[in-house]
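Structural features, examined
Now for the letters of each chain:
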Amino acid sequence: MAKGGFPNFGGGGNMNNIMKQAQKFQKQMEDMQNELENKEFSATVGGGAVTAVVTGKKQIVDIKLKPEVVDPDDIEMLQDLILTACNEALKRAEEETAAEMKKLTGGLNIPGMF
């Protein structure tokens, strides 16, 4: 260890590099977050009967139903299909966000990032 200092930090040059890398990483994180928030994810269930579309902000923006799935005598099935499609679309958004984070962080576990 250097006298009165930390090892491997010989002067301010290394600290400047660390700060530049941190700023670059922060910019990449912001860009990725903006891209994912504006992206749409969809899931179709029931053999194409119900499609749900969500954003990376986890907001449902569209639900499509095939007319033949609307049966007044079986509303529960339609409700189940809608829930399943929405949950699957949200799951896809979450999985892609996690995969993109892993690429950016190199697998580092940074709590609270997303």
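Rules used throughout
- All residue numbers refer to position in the chain's written sequence, counted from 1.
- For this predicted model, a pLDDT threshold of at least 70 governs which residues receive local features, and a threshold of 80 or more governs which side-chain atom pairs are given and counted, while totals over whole chains, interfaces and linings are taken from all residues.
- Remark: hydrogens and water are excluded; side-chain values derive from all non-hydrogen atoms of the structure.
- Exposed residues in this analysis have more than 50% of their type's maximum accessible area, buried residues have under 20%, and partly exposed residues fall in between, with area computed by a 1.4 Å probe over protein chains only.
- Segments assigned H or I by DSSP are reported as helices when at least four residues long, segments assigned E as strands when at least two residues long, and all are numbered from the N terminus.
- What makes two strands pair is DSSP finding at least two bridges between them.
- UniProt positions are given in the numbering used here, feature names are shortened, and annotations may be inferred rather than shown by experiment.
- Convention adopted: a line fitted to C-alpha atoms gives each axis, helices being fitted over their contacting stretch, and angles between N-to-C directions are expressed from 0 to 180 degrees.

Quick look at the pairing of strand S2 (residues 50-55) now. Most of S2 is tucked away: 6 of the 6 residues are buried. Alternating positions in S2 separate into two faces, Val50, Ala52 and Val54 on one and Thr51, Val53 and Thr55 on the other, with burial throughout. Here 6 bridges tie strand S1 (residues 40-45) to S2, and the two strands are oriented antiparallel to one another. Following the sheet pairing, Ser42 is matched in S2 by Val53. What sits between the antiparallel neighbours S1 and S2 is a turn of 4 residues, in which Gly46 has the positive phi angle 65°. Judged from the 5 bridges that link them, S2 and strand S3 (residues 60-65) form a sheet pairing that is antiparallel.

Among the structural elements, Glu94 can be located in helix H2 (residues 75-105). Residue classification places Glu94 among the partly exposed residues on the basis of a relative accessible area of 37%. As for Glu94 and Leu36, which are separated by 58 residues in sequence, their C-alpha atoms are 9.8 Å apart.

Let us look at the UniProt feature "coiled-coil region" (unreviewed entry) in the chain. The positions that UniProt labels "coiled-coil region" (unreviewed entry) are, in the present scheme, residues 15-42. The annotated region residues 15-42 carries 86% helix and 11% strand content, and the separation between its end C-alpha atoms amounts to 44 Å.

We now examine the sheet that holds S3. Spatial strand order, S1-S2-S3: 3 strands in an open sheet with antiparallel pairing. The open sheet has two edge strands with one neighbour each: S1 and S3. Shown here is a sheet whose adjacent strand axes are inclined to one another by a mean of 15°, direction ignored.

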